[in-house]
Amino acid sequence: MAILLSLSPHPPNPPHKPTTLTIPKSTIPTTNTSSKRLFLLKTASLCIISLTPPYPIAHSSAEPSQPPKPALLGIANTKTWFQFYGSGFAIRVPPQFEDITEPEDYNAGLSLYGDKAKPKTFAARFSSPDGSEVLSVVIRPSNQLKITFLEAKDITDLGSLKEAAKIFVPGGSTLYSARTIKIKEEEGFRTYYFYEFGRDEQHVALMAAVNSGKAIIAGATAPRSKWEDDGVTLRSAAISLTVL
C-alpha cells in the first residue's frame, strides 16, 4: 500500500540483489507469537513505504509464483527504549531517533459549515539524526483500505495475510517476510500482520492491526544500504506496535 515509505532525502547506494521472492504486484504467508508485554521486548512509517498518497491506498495484484520461505527475524530487546503513546496505540522508539511529527495546526481544517477537518497524515513520526531512517504510524478508517459497509473489528476482516498484502505491500515490491502475529489481551487475542519488503531503493518493515474500524499501521524504512547494519533496530521498532 503506498502508505508509509516516506523516502529518504539522501540518495541511497545501489541495492544488493535480494535472494528472496520478487513480486510483480502482490503478497503472501504466516506466523505466531505470544503475550503483548513479552512481545514488546522483541520489537521490530509506519515508516512505511510510499507515503503517497495517504489514501486511497493502491492495491497490488497478481499472484507470485511461489511463497517466500519463512525466515527467522532478528529482533532487539526494546524494553529500555522510549515508549510513545498515541491515539489508541503505543510504539517503542529507537535510541537517538527524533520526533519529526509536524505540529497540528489547530486553526486550520476546523469544521466550518459542516466541512470535515482534514485528518493528520501521521499519528507519529520519528527519524534518525541524518533523516535517512524513519519510523512512522498512520491511522486510517478500515473502509478506506477495503470497501465494506461493515466495521472491521480485527485485521482478518480485511482478508487473510496473503489477501491483505495486496493492501499493505505495493506492487512491484520484493517480499522478504510475511507473518501473522497473535498477541494475548484481556479479552482474547488480537491479530497483527507483519510484512517486510523492498521497493526501489528502500527496505521496509510494516506492522498493521485493526481496532474499532480503524487500521493502525506502523512501519520503519531505510535505504537498502543501511538495512544490513540497522535492520534489526528498525524491524524491532515496527513490531513494537501495540494497539491499546
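- You'll find the protein chain entered in an unreviewed UniProt entry as Photosystem II reaction center PsbP family protein, with Lithocarpus litseifolius given as the organism.

### What about the pattern of salt bridges?
Working step 1: Per the stated rule, a full pass over the model turns up four salt bridges.
Working step 2: Among the ionic pairs, K226 bridges to D130, the shortest N-O distance being 2.4 Å. Within this pair, whereas K226 is found in helix α4 (residues 224–239), its partner D130 is found in the loop between β4 (124–127) and β5 (134–141), the two being separated by 96 residues in sequence.
Working step 3: Since its relative accessible area comes to 25%, K226 is described here as partly exposed.
Working step 4: Residue classification places D130 among the partly exposed positions, given a relative accessible area of 35%.
Working step 5: E151 is paired through a salt bridge with K153; the nearest N and O atoms lie 2.9 Å apart.

### A short note on the pairing of strand β9 (residues 214–223)
Working step 1: In terms of burial, β9 is a largely internal element, nine of the ten residues being buried.
Working step 2: For β5 and β9, the ladder comprises eight bridges, and the chain directions are antiparallel. For I139, the partnering residue across the bridge sits in β9 and is I216.
Working step 3: Looking at chain direction, strand β8 (residues 202–211) and β9 are connected through ten bridges and run antiparallel. Within the sheet, the bridge partner assigned to M207 lies in β9 and is A218.
Working step 4: Counted along the chain from β8 to the antiparallel partner β9, the turn is two residues long, and its residue S212 has a positive phi close to 50 degrees.

Conventions we followed
- Residues numbered from 1 in each chain as written.
- Predicted model: local features only at pLDDT ≥ 70, side-chain atom pairs only at ≥ 80, totals over all residues.
- Heavy atoms only, no water.
- Salt bridge = Lys/Arg side-chain N within 4 Å of Asp/Glu carboxyl O.
- Helix = DSSP H or I, 4+ residues; strand = E, 2+ residues; numbered from the N terminus.
- Buried < 20%, exposed > 50% of the residue type's maximum accessible area, 1.4 Å probe, protein only.
- Pairing = 2+ DSSP bridges.

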